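Chain and residue survey
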Amino acid sequence: MRKILFITTRNVFTTSGEFRLIKNRTKTLYEKWGIITDFIAISSKEKIRKRNENIGYNSIINPIEINFYNPVSVILSFFHVRREIIKKLNRNDYKCIVLSGVLTYVFINLIKKYRSDIPIIADIHGATEELIEFKDDNFLKRFMKNLLYRYNEYSQKKRLNLFDGTFVVSNALVEYLNKKYSLNKNIKHYVVPCALENIDFDEKFVKQNRNIYRKKYGIDKDEILFIYSGGVSPWQCIDKSIELFTKFQLKSNRKAKLLILSHRIDKVKSITEGNESIILDSISPDKVKKVLCAGDYAFLIRDNFITNNVAFPNKFLEYVQSGMKIITTPHVYDVSKQIEKYKIGIIIDLEKDSIDKLEKYVNERNVFNDFENRKKLLHNLSFEKTLSSFVKDLILNK
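My aim in this report is to walk through the structure given alongside it, one point at a time. (Residues numbered from 1 in each chain as written. Predicted model: local features only at pLDDT ≥ 70, side-chain atom pairs only at ≥ 80, totals over all residues. Heavy atoms only, no water.)

**So, the overall build of the chain**
As a reminder of what qualifies: What counts as a helix is a DSSP run of H or I of at least four residues, what counts as a strand is a run of E of at least two, and both are numbered from the N terminus. The atom set for the radius of gyration is the C-alpha atoms, and the globule formula is 2.2 Å times the number of residues raised to the power 0.38. Surface accessibility in these figures is a Shrake-Rupley result with a 1.4 Å probe; residues are shielded only by whichever protein chains are displayed. Charged residues are defined here as Lys and Arg on the positive side and Asp and Glu on the negative side; His and the ends of the chain fall outside this count. A single reference atom marks each charge: NZ on Lys, CZ on Arg, CG on Asp, CD on Glu.
Counting secondary structure elements, the chain contains 18 helices and 13 strands. Its C-alpha radius of gyration of 22 Å places the chain within 12% of the 21 Å reference for a compact globule of 398 residues. Over its C-alpha atoms, taken along the principal directions, the chain stretches across nearly 70 × 45 × 40 Å. Carbon and sulfur atoms make up 48% of the accessible area of the chain, which totals about 19300 Å². Distance from the positive charge centre (69 side chains) to the negative charge centre (47 side chains) of the chain: 6 Å.

**Topic: the side chain of Glu-153**
Defined as follows: Each residue is placed in one exposure class: buried if its accessible area under a 1.4 Å probe, protein chains only, is under 20% of its type's maximum, exposed if it is over 50%, and partly exposed if it falls in between. Contacts described as polar in this section are N or O atom pairs within 3.5 Å, which, within protein, must combine one atom able to donate a hydrogen with one able to accept it, while residues neighboring in sequence count only if both atoms come from side chains. It only takes one pair of heavy atoms within 4.5 Å for two residues to be counted as in contact.
Here Glu-153 is to be found in helix H6 (residues 139-159). Residue Glu-153 is classed as buried on the basis of its relative accessible area, which comes to 9%. Of note is the side chain of Glu-153, whose polar atom sits 2.5 Å from the side chain of Thr-128. A polar side-chain atom of Glu-153 sits 2.7 Å from a polar atom in the side chain of Tyr-181. Dropping the residues within four chain positions of it, Glu-153 is found in contact with Thr-128, Lys-180 and Tyr-181.

**Notes on the sheet that holds strand E10 (residues 278-281)**
The strands that make up a sheet are held in pairs by hydrogen bonds between backbone atoms, and each pair lies either parallel or antiparallel. Let me state the cut-off plainly: Strand pairing is assigned whenever DSSP detects at least two bridges linking the two strands. Helix axes are fitted only over the stretch in contact, all axes being lines through C-alpha atoms; the angle between N-to-C directions runs from 0 to 180 degrees.
In spatial order, the strands read E10-E9-E8-E11-E12-E13; together these 6 strands make up an open sheet with parallel pairing. Where the open sheet ends on each side, the last strands, each with one partner, are E10 and strand E13 (345-347). Neighbour-to-neighbour, the strand axes of this sheet turn through a mean angle of 20 degrees, independent of strand direction. Sheet topology places strand E8 (residues 224-229) next to strand E11 (residues 297-300); 2 bridges connect them, and they run parallel. Each bridged residue has a counterpart across the sheet, and for Phe-226 the counterpart in E11 is Tyr-297. Relative to E13, helix H15 (residues 354-364) is tilted by about 165 degrees, and along the sheet it contacts E8, E11, strand E12 (325-328) and E13.

**Description of a nonpolar patch on the surface**
As a reminder, the rule being used: Patches in this entry comprise residues that are over 30% relatively accessible and not in a salt bridge; like charges within 9 Å are linked, as are nonpolar side chains (Val, Leu, Ile, Met, Phe, Trp, Tyr) within 5 Å. We define a salt bridge as a side-chain nitrogen of Lys or Arg found within 4 Å of a carboxyl oxygen belonging to Asp or Glu.
A cluster of nonpolar side chains, contributed by Phe-139, Leu-140, Phe-143 and Leu-147, occupies part of the molecular surface with about 440 Å² of accessible area. Mapped onto the elements of the fold, Phe-143 is located in helix H6.

**Comments concerning the packing of helix H13 (residues 314-322) against helix H16 (residues 371-380)**
Under the convention used in this document: Crossing handedness is defined as follows: a turn of the near helix away from the far one that is anticlockwise and smaller than a right angle gives a left-handed crossing, while the clockwise case is right-handed. For this classification, Asp, Glu, Lys and Arg are treated as charged, while Ala, Val, Leu, Ile, Met, Phe, Trp, Tyr, Cys and Pro are nonpolar and the rest, including Gly, are polar.
Direction vectors running N to C along H13 and H16 enclose 145 degrees, while the axes themselves pass 9 Å from each other. Note on packing geometry: the crossing formed by H13 with H16 is left-handed. On H16, the residues touching Phe-316, Leu-317, Tyr-319, Val-320 and Gln-321 of H13 are Arg-374, Leu-377 and Leu-378. The residue makeup of the contact of H13 with H16, split by class, is 6 nonpolar, 1 polar and 1 charged.

**Quick look at the environment of Pro-313**
Tracing the backbone through its elements, the reader meets Pro-313 in the loop between helix H12 (306-309) and H13. A C-alpha to C-alpha distance of 8.7 Å links Pro-313 and Leu-300, two positions 13 residues apart in sequence. With residues near it in sequence (within four places) discarded, Pro-313 still touches Leu-300, Arg-302, Val-332 and Val-335.

Listed below in C-alpha cells is the structure:
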C-alpha cells in the first residue's frame, strides 16, 4: 500500500476551509489511487478536544498538543514531533512527505538526514502577508501575528529551496513564491485549489432547488436574487457586497433582493438594519449547495491585498456549481481569469463605474445559458485532475 506522511500545524480536527482542502485531497488520493495519508498533527489542546470531523480513508492521525504562547510547550512539542518523525521514517513506509504550515519546515533537514531518497513537498495555502494585512483590534494578537510573520518569512527564505515541490492553491501563488523567494527552477509546483467533493453539474438539481428555495424565501418570478455566502472577516468584504447591492437597488428599476447566508448573523444584523430587501439566514453546511441554486448573482468581492491576489476562495466553485453568475473584483487573479475564460460572471472595479457596469450586465444577461462551460471548469479543477501529475511524478514513479 502506498502511503504519504503529512506533518502539519494546520487544523485537521474541526470543520474549516483548510480542513476541507486537506480532507478532500486525502479522499481523492485514497479512492482514485489507493494512497493512504498518515498525519502528525500539531495543534492546541482545545482543537484536538473539539474534534467534530474525521479525515477518514484509513488515515492514522497522531495528535501532538502544543501551546503556541508557551515557549516551554513549543520546545517540548518540537522534540515530541522529532521523535515521531524518526520513528515513522524508520518503518520505510512512505513514498512522499508533506510539510504543511510554515512552523513544520524546521523538520526538513531532519527528514533529509534520515531519508534523503523521499521527496518532500511544502503545502502552501496562501501568502504570509495574511498575518499582517488585516489588522486585529487585540494588541497581543497583533504582536503575535507580527512575530509569526517575521519567523515565517525567515523560514521560507531559508528553507523553501530545500523542497522537491509544493502544493499551492493558485497559479498566482506560484508566481508570488518564485519571485519573492527566488525558488530553484527544479522545484515543481502542483496547483491544487480547494475543489468540490462532487464535481458534477446537474441542471435538473439546480432548477429543482431554485424553485424550492425561491419559494421558501418569498422571491417572485420577476425578482433578481443576489446571494452573499460566507463570514464577516475583513477580507471577505461583506460590507462592500451589501453596499454594492444597495447602490444597485437605487440605480436599477428591477426588483431585487439580497440573501445573506452566514453563521455570524448577529454581526450582520447591525449593518443591514433598515433594508427590508435583505434576507438573513444561517443554515447547515450540507444545505448550502441547495440554497445557492435559488440565486441569480453571487457576490465574491475582494480588495487589493496580496492575500487575496494569490488566494483561491472555497466559495468560488460552490457558486459555479449553483448556476449563479459571479460578481467579483480583479484582485483574486486566478478566479478573475477563470470567470473571463468560461464567461460565468462579471469583473468590476469598485473604484470606477461599477454600478453602471453591473446594471448593464444584469439587464443584458440570461442567467441559465452556460451549463457546459461550468461542467468543463468543474472538471478541470477537480482533485482527480489537479492531483494526477503529483501522483505520477512522486508516488507511482518512486
